[in-house]
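Residues per chain, in single letters:
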There are 2 protein chains.
Amino acid sequence: MSDGFGIENLPFGVARLPDGRTVGASRLGDAVLDLDRLSAAGLLDVPEGVLAQPSLNAFLGLGRPVYGGVRRALARLVEDGGPAVGAASVPLGDVDLLPPVAVGDFVDFSASIHHATRAGRLLRPEGDPLPPQWRHLPVAYHGRAGSIVVSGAGVLRPRGLVPGDGGPAFVPSAALDLEAEVGFVVGAGARGPLPTTAFADHVAGLVLVNDWSARDIQAYESRPLGPFNGKSFATSVSPWLVTLDALAPYRRPGPVQDPAPAHHLAVAGPWAYDVRVEVTVASAAMTAAGTPGLSVGCSSLAELYWTGPQLLAHATANGAGVRPGDLFASGTVSGPSPGSLMCLLEATERGSRPLALPDGTGRRWLEDGDTVTVRGWAGGDGRPLVSLGEVSATILPAIETEG
Amino acid sequence: MSDGFGIENLPFGVARLPDGRTVGASRLGDAVLDLDRLSAAGLLDVPEGVLAQPSLNAFLGLGRPVYGGVRRALARLVEDGGPAVGAASVPLGDVDLLPPVAVGDFVDFSASIHHATRAGRLLRPEGDPLPPQWRHLPVAYHGRAGSIVVSGAGVLRPRGLVPGDGGPAFVPSAALDLEAEVGFVVGAGARGPLPTTAFADHVAGLVLVNDWSARDIQAYESRPLGPFNGKSFATSVSPWLVTLDALAPYRRPGPVQDPAPAHHLAVAGPWAYDVRVEVTVASAAMTAAGTPGLSVGCSSLAELYWTGPQLLAHATANGAGVRPGDLFASGTVSGPSPGSLMCLLEATERGSRPLALPDGTGRRWLEDGDTVTVRGWAGGDGRPLVSLGEVSATILPAIETEG
């Protein structure tokens, strides 16, 4: 799907080319643009070698004037129609796309009040679904950066300890879930605290995220320090970092926040992004037959209670810094409607109402062989379509262990 | 204090030398040994340049045969008494010690049943102090790798949201605490799961850790995803990685675990380390007067309910991998006795029983200007003393923010 990768987009990624080089890249339609080649030809204003690295960290760390300038220069080269762009183009199908950044710290927020309320009701039915601080600060945890993989990499079903009849048993998760999210990628690093007004100078752009969750492992382990093994086995990200600049036309006012957030979390201006996100599930049989995945839910990043600038300000409010390539994700982007449930926990009401797949099977949770695909885009409603591409992965059976 | 840095120890660190080079280093008494120089002279069997980097990650990633071999070669050079060691020696006072590794993922466990029980009673007095899973798996959370600093770096008092009379207020923490811990540093990386028997092949050694904790921020934010801003502002580590080989003589059987852990967490052999840890607090006035810090508590890593091999096996049981330089810490190493309480939460019973400092002041929590020092060592009881050195830091006032 080349739609949404026109001149309005020009995202950044990392590609292994047919000649063996690993380079910073962009995408135009079905072509990948070799930015290192354009840089070596003197057409992009970046230090030598910075686009010949296995991640975008050093490039993004140069800051918004540099990567913003590169994107504008690229757009001019495309518009000019000279031979340089063609010479730097490689067919998309001929490259391997790598994770765009080497993530230093990965934070996952819980920024959707719709997700938090439903998940709270399902997981902690005895109490108030939202904890008392929820409307005062964006709740978050640190995830495992080393488990981040790029779209296309298979995800092994994790084993873990879950309650059993004769005590806890170490078994493959029987409640494997997806979480469709959007992640913010840090460009220029900084010491904290960062005000909400620093967002556009320190966040380079967005990727799609699937924060895989083993609900049974997570439920057993999480008190009092939060999720660990139930989340840390894998997090999948999309390969194209779509810049804030490309998404600027799709900004709109965030939700009304009541009560008003504390001063350091207050935000002025339209800092919600109308980025649509859809997640589908296809069984192995559906994939083999070429049947498209069933849509589990479709939502928008603009449904989030907490906006990106607030997430960044909160994460750094205590003085913590950010480094180039850090990733902070929205949490499940569920909206208010029944069609906007972005994880199976919500969509099946914790497994009690299976989804009916077109192949005649039901899904309480993910099965081996299932392929989960999260897609994202802005526009397409009469405005230019800017695609975030997709993050897709197939569930592989738990590996056998000794004993 | 040069004691405990004899030929039995020979730890690894990273030093910035007076000539401006940053090198892999060891320590012998009050001298720092420039390992890059010894390597360049052909006296150490490592690839060129691997000891001329700003972290030990690449060196440790070569695996136990390599770094173990380097340590044995160093010991032979010292014993031989030739000129090479002297030529590579720099006075300790002339170098800056840097963090020994660039931590990829930082995990903090809660491996002491004494700490977990006391903290649970103090923080959640309404329920069972230990959650139901505690004796079945080592509880843990991921911390912020980017906030790790080396001994000597000042720690800014964090601001955060805490409950107030008129709703939550964003204020400097009024309950700043220390947590004296020991951290395990990963050498050779691997995909998970790793069995407990893989511990000595994938953990290079130990450092001391102070996992600073703002108890008021932590208490307000932690449900349901665990601590975030209350921990992520800073974690201090000691500069010298003391190898498992150096500590092998101090291994002893771990505690009796009841119930027996699941098969994948079972461990055979003496995998507890009798590494003593002491933490002291000195006020600014005491520091100015040269008064030694008050001992808050003294404990041993051997008091932990969960041993290092079990922590590694649990963290990777779900398939998560480890990378060179990853750090997983014990959690507060408190023991059973009143003299072995290794954080102020325990030692002051959540601030209700202030510690009396020699300068006449009391401490419910840390004050600005306080210096906290965690020291660690093995032996000294008739057996050779092997020091882990210290991790020390002074609390700096919260920085002013706009508004």
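Summarised in this report is the structure supplied together with it. (Residues numbered from 1 in each chain as written. Chains lettered and ligands numbered in written order. Predicted model: local features only at pLDDT ≥ 70, side-chain atom pairs only at ≥ 80, totals over all residues. Heavy atoms only, no water.)

## Considering the layout of surface pockets
Residue and element names in this part refer to chain A.
Reasoning step 1: Quantified by volume, the second largest pocket comes out at close to 820 Å³.
Reasoning step 2: Looking at the second largest pocket, it is lined by 36 residues, and the ones nearest its centre are Gly146, Ser147, Ile148, Val149 and Phe233.
Reasoning step 3: Residue assignment for the lining of the second largest pocket shows that the elements contributing at least two residues are strand S8 (148–150) and strand S9 (155–156).
Reasoning step 4: A total of 3 residues in the lining of the second largest pocket trace back to one element, the largest contributor, which is S8.
Reasoning step 5: Of the residues that constitute the lining of the second largest pocket, the class distribution is 23 nonpolar, 9 polar and 4 charged. (1 Å grid on protein atoms, 1.4 Å probe; cavity = no way out; pocket = protein on both sides within 12 Å on 5 of 7 lines; lining within 4 Å. Points joined across faces, edges and corners; volume = space filled by probe spheres on them. Helix = DSSP H or I, 4+ residues; strand = E, 2+ residues; numbered from the N terminus. Nonpolar A, V, L, I, M, F, W, Y, C, P; charged D, E, K, R; others polar.)

## What to know about the sheet that holds strand S9 (residues 155–156) of chain B
Residues and elements named next belong to chain B.
Reasoning step 1: The 5 strands are arranged S9-S26-S25-S20-S21 in an open sheet whose pairing can be described as mixed. The open sheet has two edge strands, S9 and strand S21 (294–300), and neither has a second partner.
Reasoning step 2: Across 6 bridges, strand S20 (residues 276–282) lies against S21 in antiparallel orientation. By the bridge assignment for S21, Val281 is matched with Leu294. (Pairing = 2+ DSSP bridges.)

## Quick look at the relation of the copies chain B and chain A
Reasoning step 1: For these two chains of identical sequence, chain B goes onto chain A by a turn of 180° and a shift of 0.0 Å along the axis, with RMSD 0.0 Å. Both chain copies can therefore be described as sitting about a two-fold axis. No C-alpha of chain B lies nearer the rotation axis than that of Gly226(B), which sits 2.0 Å from it.
Reasoning step 2: Most of the interface of chain B is mirrored in chain A, where 98% of its interface residues are also at the interface. (Least-squares fit on C-alpha atoms with pLDDT ≥ 70 in both. Contact = heavy atoms within 4.5 Å.)

## So, unusual backbone geometry
Residue and element names in this part refer to chain B.
Reasoning step 1: Cis rather than trans, the peptide bond between Gly192 and Pro193 has omega equal to 0°.
Reasoning step 2: Tracing the sequence through the fold places Pro193 in the loop between strand S13 (180–186) and helix H6 (199–202).
Reasoning step 3: Of note, the phi angle at Leu10 is positive, near 50°, even though the residue is not glycine.
Reasoning step 4: Tracing the backbone shows Leu10 in the segment before strand S1 (13–16).
Reasoning step 5: One non-glycine residue, Glu349, lies in the positive phi region at around 50°.

## Describing the interface of chain B and chain A
Reasoning step 1: At the interface, 56 residues of chain B touch 56 residues of chain A.
Reasoning step 2: Here chain B packs against chain A, burying approximately 4,800 Å² in sum over the two surfaces, 60% of which is carbon and sulfur.
Reasoning step 3: Sorting the residues of chain B by area buried against chain A places Arg144(B), Leu225(B) and Phe228(B) first, and these three jointly supply 16% of that buried surface.
Reasoning step 4: Summed over the shared surface of chain B and chain A, the number is 2 salt bridges.
Reasoning step 5: Here Asp326(A) and Arg144(B) are joined by a salt bridge, their closest N and O atoms 3.2 Å apart.
Reasoning step 6: Our count for the chain B to chain A interface comes out at 20 residue pairs in polar contact (both at pLDDT 80 or more).
Reasoning step 7: Of all elements in the fold, only strand S6 (106–109), strand S7 (140–142), strand S10 (159–162), helix H7 (215–221) and helix H10 (308–316) of chain B reach the threshold of two or more residues within the side of chain B that touches chain A.
Reasoning step 8: Examining the composition of the side of chain B that touches chain A, we find that 3 residues originate from one element, S7(B), more than from any other. (Buried area = accessible area lost by both parts, 1.4 Å probe. Salt bridge = Lys/Arg side-chain N within 4 Å of Asp/Glu carboxyl O. Polar contact = N/O pair within 3.5 Å; in protein donor to acceptor, adjacent residues only side chain to side chain.)

## Some words on the packing of aromatic side chains
Reasoning step 1: Counted according to the given criterion, the structure contains 18 aromatic pairs over all chains.
Reasoning step 2: Seen in terms of ring centroids, Phe184(A) and Phe328(A) are 5.2 Å apart; in terms of plane orientation they differ by 25°. Their pairing is stacked. Note that Phe184(A) is positioned in strand S13 (residues 180–186) and Phe328(A) in strand S22 (residues 327–329), a separation of 144 residues in sequence.
Reasoning step 3: Accessibility expressed as a relative area gives 5% for Phe328(A), which makes it buried.
Reasoning step 4: When the ring of Phe199(B) is compared with that of Trp271(B), the centres are 5.4 Å apart and the planes differ by 80°; the resulting orientation is edge-to-face. Of this pair, Phe199(B) sits in helix H6 while Trp271(B) sits in the loop between strand S18 (251–252) and strand S19 (272–273), placing them 72 residues apart in sequence. The exposure classification of Phe199(B) matches that of Trp271(B), with both residues buried.
Reasoning step 5: Site record: aromatic cluster; members linked through ring pairs are Phe109(A), Phe184(A), Phe199(A), Trp271(A), Tyr273(A), Phe328(A) and Phe228(B).
Reasoning step 6: Directly above the aromatic system of Phe5(B) lies the positively charged group of Arg27(B), at a separation of 3.8 Å from the ring centroid. (Phe/Tyr/Trp six-rings, centres within 6.5 Å; stacked < 30°, edge-to-face > 60°. Buried < 20%, exposed > 50% of the residue type's maximum accessible area, 1.4 Å probe, protein only. Lys NZ or Arg CZ within 6 Å of the ring centre and 35° of its normal.)

## Considering the side chain of Ser232(B)
Reasoning step 1: Summarising the element assignment, Ser232(B) is placed in the loop between H7 and strand S16 (235–237).
Reasoning step 2: Sequence-distant contacts of Ser232(B), defined by excluding residues within four places in its chain, comprise His142(A), Asn318(A), Ala320(A), Arg144(B) and Ser147(B).

Any functional reading would require information beyond the geometric quantities listed.
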